[in-house]
Structures are given as C-alpha cells and as structure tokens.
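Structural characterization, general
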Amino acid sequence: MDREQIINLLRECDSEKLKELYTRADEIRKQNVGDAVHLRGLIEISNICTRGCLYCNLHAGNKKIHRYRLEMQDVIESVNRAKIHGYKTIVLQAGEDRSADPAWITDIIKAIKSVDDFAVTLSLGEWEEDVYRMWKNAGADRCLLRFETSDEELFRKIHPGSKTHRLEMLDVIMSLGYEVGSGVMVGLPGQSFDTLADDLLMFKKLGLHMIGAGPYIAEPNTPLGQNPEKFMLDEDNQVPPTEEMAYKVYAITRILCPETNIPATTAVATLNPERGYENALACGANVIMPNISPARFREYYSLYPKKVCISETEKFHDKIKSRIVAAGRTVAAGRGDSVSFCHQINREVKYV
Ligand code: SAH
C-alpha cells in the first residue's frame, strides 16, 4: 500500500468501501496473530509530570489536579488483582515524573516479577538511555512511547521544550532489547491527511512490535483544548478526531504491519463505551488494556474528559472477557509477546 492509497483510504467516506477495508484488516489479523485477545493490566503509578505537552491534562502547568505517586503496597495490591483476573502483563504508566528517582521504578519492576512471571511494560515517557538500560536489567520486557506525530514542526509545537526526538529514542529503546510500541493520536489539531499517512508509513519503517492509536479528545484544561483554532488546518486537510477515523487507522496499520500487536484503546472506548472495543477488534486490533489502578486514584489520571475506565468497577474484568467471547474471539491465556518481536529474536510464536 503506497502513500497515495493510504491517503485515499483515510479520506474514504463510502461505507461499503470502508467495510471492505475493515474485512481485509480482520482477515490479515486472523492469519497473522490469530483470534486471541491479549489483556494487559494497566497501573497508573504517578500523575506527576514535569513536561508541558499541550494536549495532556497531566501537563505540569495544570494546578487543578491533585498529584499522586503510588506507594509500593498500592502497586502490589493492583498486581495481585491482575493475577486474580488472569492478566499476564502489567503496564506501568505515568506522567514524566522527573522528581522521582528512576530506582523507584527499578524496585517496582523487581517487586512485580517476584509476584509472578508477568511481562512488564513501561509507558513512562522520555528517559535517558542509561535509565532505560537499568530498567531492562531489572526485568522490564516492553516499552511504549508514542511519537504522537511524524510532523517535526507539529511535534515541536505541542511538546514545548522537548530536546529529544521520540523517533530517535525509539531506536535506542529497541537496541536495548525491549519489545517496542509506539503510536499517535488521531485527529490532533494540525494533523493533515498527508501527515497521518506518513505516521502510518513510519510505523512500518520503525518495525514496531506494538502500535497504539487513539482519537484525540480535547481537554478544556490544556492549552490545545483551549485554543484549537491556533493549530487547526482548513476543513479539507484537518483529520477529524472521530471514532471512524481511528478504525481506519487500525485497519491500515494491520495491513501495513500484519504481525504487530494493536490495542483497542481506552480513547476509542471513551467515544463509544458500548461498542468501541468490539469495533476496534473487528478492524485489526488484538489487545485490550483494562485499568487495574487502585480505584481511589483513577479520577486523578484523567488525561481527557470522561475517560471511560475512571468509573469502571471490578465487574469490568469479567465483563470484558464475555464481551470478547461474544465478539467471536478468545481470551488469550499466555503473555502475548508480539509475533513480530518473536520472529525478530527467533523465539517460538504463541498466539494463545
Ligand atoms: N508520560 C507518558 C504516558 C503518557 S499518557 C508518555 O509521555 O509516553 C499515554 C498517551 O495518552 C500519550 O502518549 C498520548 O498519545 C495519549 N493522550 C494524552 N492526552 C490525550 C488526549 N487529550 N486525547 C487522546 N489521547 C491523549
């Protein structure tokens, strides 16, 4: 699929043609990564952030949110619940908490590994190579770092003061032996159809093992949420932040990167709590990341309004499994290492 074909698909409005696209992606998903849906337990370990990303509610300038950092006992309590629910991967996510000693994370990784044979995924922002090496040596398996947009100028505008480029960091993280994920927001003000096509081609070029994309959701407490018109392109070029656009991105991603793991994201479920996960699973996705953070902290990790997992109860963990089965899929029993990563390191591939 070349750039022009991708742009045409992103601009496609005909429902029959889109159905064809989703069916093709679904078939490719089935052939390459099977029917199993991998569940990852997500723990939001800190909402403290020293960065000023224009789109994110956790940005340092937001004085309206109560800031927290989880104690070890809270993390372990969440990990124990993940074990009860049968999750085999723990994802640690946080704002870029530069006031924390990276050794704090090292201790958490080791503690998780001592509970059970979990895969540990880090989603903690931009850190130095030495820090990522230390965390890898402590047992971390995977790393998620979205590059958000491949448009250099837009990247700089929405990440003021950013000295590093996330694209380069991804190479470094990959060279450390992590299974690596990245992704973008869909419909970010300033994102054109051409840019989004370049983002999709970048997924392939980087050889990512996991690719997460969710619709941009405007947050009124952020500079971008307050002044979108400063960034928005004309109507013909600006990508809309819709559910459908996210599904197109999932489907094209699956076609371009057949063996990668693709989550049905919380952002898409936020736009459509009833069917968002199912729709995403039907057009290429094969992963869901249920939130297992302690309930009393979840409201403080509100990246954007109405984030769906904030109001979820413990019942969600059973419900999501029946929803997966009702969608004609199976709940994976294994760790769900990415097929593309297994091929890269000559490890036996397990779909279930
Ligand atoms: N500090 C970490 C984790 C950030 S939160 C990091 O920087 O990598 C994880 C992802 O949430 C971000 O990468 C971004 O793509 C997404 N996100 C943040 N604000 C959002 C918004 N307003 N709408 C949709 N997605 C958002």
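Residues numbered from 1 in each chain as written. Predicted model: local features only at pLDDT ≥ 70, side-chain atom pairs only at ≥ 80, totals over all residues. Heavy atoms only, no water.

1. Quick look at the site of the ligand
Inclusion rule: Any residue with a heavy atom lying within 4 Å of a molecule or strand is counted as near it. We define a polar contact as two N or O atoms separated by no more than 3.5 Å, with the added condition that, inside protein, one atom must be a possible hydrogen donor and the other a possible acceptor, whereas residues neighbouring each other in sequence contribute only through side-chain atom pairs. Each accessible area is a Shrake-Rupley result for a 1.4 Å probe, and residues are judged covered by the shown protein chains and nothing else. Put simply, Ala, Val, Leu, Ile, Met, Phe, Trp, Tyr, Cys and Pro go in the nonpolar bin, Asp, Glu, Lys and Arg in the charged bin, and everything else, Gly too, in the polar bin.
The immediate surroundings of the ligand are formed by 18 residues, with A94, R146, E148, R166 and I217 found nearest. For the ligand, an oxygen atom lies 2.9 Å from a polar atom in the side chain of R146. The contact in question runs from a nitrogen atom of the ligand to an N or O atom on the backbone of I217, over 2.8 Å. Look at the ligand: alone it shows 560 Å² of surface, and the protein chains cover 92% of it. Within the shell around the ligand, the residues separate by chemical class into 10 nonpolar, 4 polar and 4 charged.

2. Observations regarding the side chain of T265
So the rule is basically this: Note on conventions: DSSP H or I runs of at least 4 residues are helices, E runs of at least 2 residues are strands, and numbering of each starts at the N terminus. By definition in these notes, contact holds between two residues if any of their heavy atoms fall within 4.5 Å.
Here T265 shows up in the loop between strand 7 (263–264) and helix 11 (266–271). For T265, the residues in contact, after removing those within four places along its chain, are R146, A213, G214, P215, Y250 and Y277.

3. Re the packing of aromatic side chains
Stated precisely, the cut-off is as follows: Aromatic pairs are defined between Phe, Tyr and Trp rings, using the six-membered ring for Trp, whenever the two ring centres lie within 6.5 Å; interplanar angles under 30 degrees are classed as stacked, those over 60 as edge-to-face, and all others as tilted. We call a residue buried when its accessible area falls under 20% of the maximum for its residue type, exposed when it is over 50%, and partly exposed in between, using a 1.4 Å probe and counting protein chains only. Counting as a charge over the ring demands two things of the Lys NZ or Arg CZ atom: a distance within 6 Å of the ring centre and an angle within 35 degrees of the ring normal.
If you walk through the whole model with that rule in mind, you get 8 aromatic pairs. Look at W127 and W135: their rings are 5.6 Å apart centre to centre, the planes differ by 65°, and that puts the pair in the edge-to-face class. Exposure remark for W127: the relative accessible area of 9% places this residue in the buried category. Take W135: its relative accessible area is 0%, and that puts it in the buried class. Here the basic side chain of R98 rests over the ring of W127, its NZ or CZ set 4.1 Å away from the ring centre.

4. Section: the nonpolar core
For clarity, the cut-off: Here, nonpolar core refers to any group of buried Ala, Val, Leu, Ile, Met, Phe, Trp, Tyr and Cys residues whose side-chain atoms link them within 4.5 Å.
L10, I45, L92, L122, W135 and Y178 are the most contacted members of the largest nonpolar core, which has 103 residues in total. With 9 residues, the top contributor of residues to this core is helix 10 (residues 243–256). When neighbours within four sequence positions are excluded, L122 is seen to be in contact with L92, I105, I109, W135, A140, R142, C143, L144 and Y178.

5. Here's the deal with helix 5 (residues 129–137)
The following threshold applies: In this context, the arc is that of the directions from the helix axis out to the C-beta atoms.
Within helix 5, burial applies to V131, Y132 and W135. Angular distribution of buried residues about the axis of helix 5 spans 95°; they occupy a single face of the element. Opposite the buried face of helix 5, at more than 90 degrees from it, the exposed residues are D130 and N137. Tucked inside the fold, the buried residues of helix 5 contact helix 4 (102–115), strand 3 (119–123), strand 4 (142–144) and helix 7 (166–175).

6. Considering helix 7
Of the positions making up helix 7, those classed as buried are R166, L167, M169, L170, I173 and M174. Down the axis of helix 7, the smallest arc covering the buried residues is 155°, so these residues share one side. Exposed positions of helix 7 whose direction lies more than 90 degrees from the buried face are E168 and S175. Looking at the buried side of helix 7, the elements it contacts are helix 5, strand 4, helix 6 (152–158), strand 5 (179–186) and helix 8 (193–206). Two residues or fewer after helix 7 comes G177, characterised by a positive phi angle close to 95°.

7. As for the pattern of salt bridges
Quick reminder of the rule: What makes a salt bridge here is a side-chain nitrogen of Lys or Arg within 4 Å of a carboxyl oxygen of Asp or Glu, nothing more.
Taken as a whole, this structure holds 27 salt bridges when the rule is applied. Residues R81 and E77 are paired through a salt bridge, measuring 2.9 Å at the closest nitrogen-oxygen approach. Within this pair, R81 and its partner E77 are both found in helix 3 (residues 72–84), separated by 4 residues, close to a single helical turn. For E77, a relative accessible area of 34% puts it in the partly exposed group. Between R142 and D337 there is a salt bridge, with its nearest N and O atoms 2.6 Å apart. Of the two residues, R142 sits in strand 4 while D337 sits in the loop between strand 9 (330–331) and helix 14 (339–344), which places them 195 residues apart along the sequence. For the pair R142 and D337, a shared accessibility class is recorded, and that class is buried. One salt-bridge network, held together by shared partners, links R51, E96, R98, E126, E128, E148 and R166.

8. Considering the pairing of strand 3
On a regular strand, one side chain projects to one face of the sheet and the next to the other, so that they alternate. We count it as follows: By the convention used here, strands pair only if DSSP detects at least 2 bridges between them. If the strands point away from the viewer and the path from the first strand over the helix to the second runs clockwise, then the crossover is right-handed.
Burial analysis of strand 3 places 5 of its 5 residues in the buried class, the great majority of the element. The alternating pattern of strand 3 places A119, T121 and S123 and V120 and L122 on opposite faces, both of which are buried. As defined by bridge partners, strand 2 (residues 89–94) adjoins strand 3 across 5 bridges and the pair is classed as parallel. Following the sheet pairing, Q93 is matched in strand 3 by S123. The handedness of the strand 2 to strand 3 crossover, carried by helix 4, is right-handed. Note that strand 3 and strand 4 share 2 bridges and pair parallel. The residue of strand 4 that forms the bridge with T121 is R142. Crossover connection from strand 3 via helix 5 to parallel strand 4: handedness right-handed.

9. Quick notes on unusual backbone geometry
Positioned with a positive phi, E148 is a non-glycine residue whose angle comes to about 70°. Take E148: it is sitting in the loop between strand 4 and helix 6. When its relative accessible area of 8% is taken as the criterion, E148 is described as buried. With a phi close to 60°, K306 is a non-glycine residue in the positive phi region.

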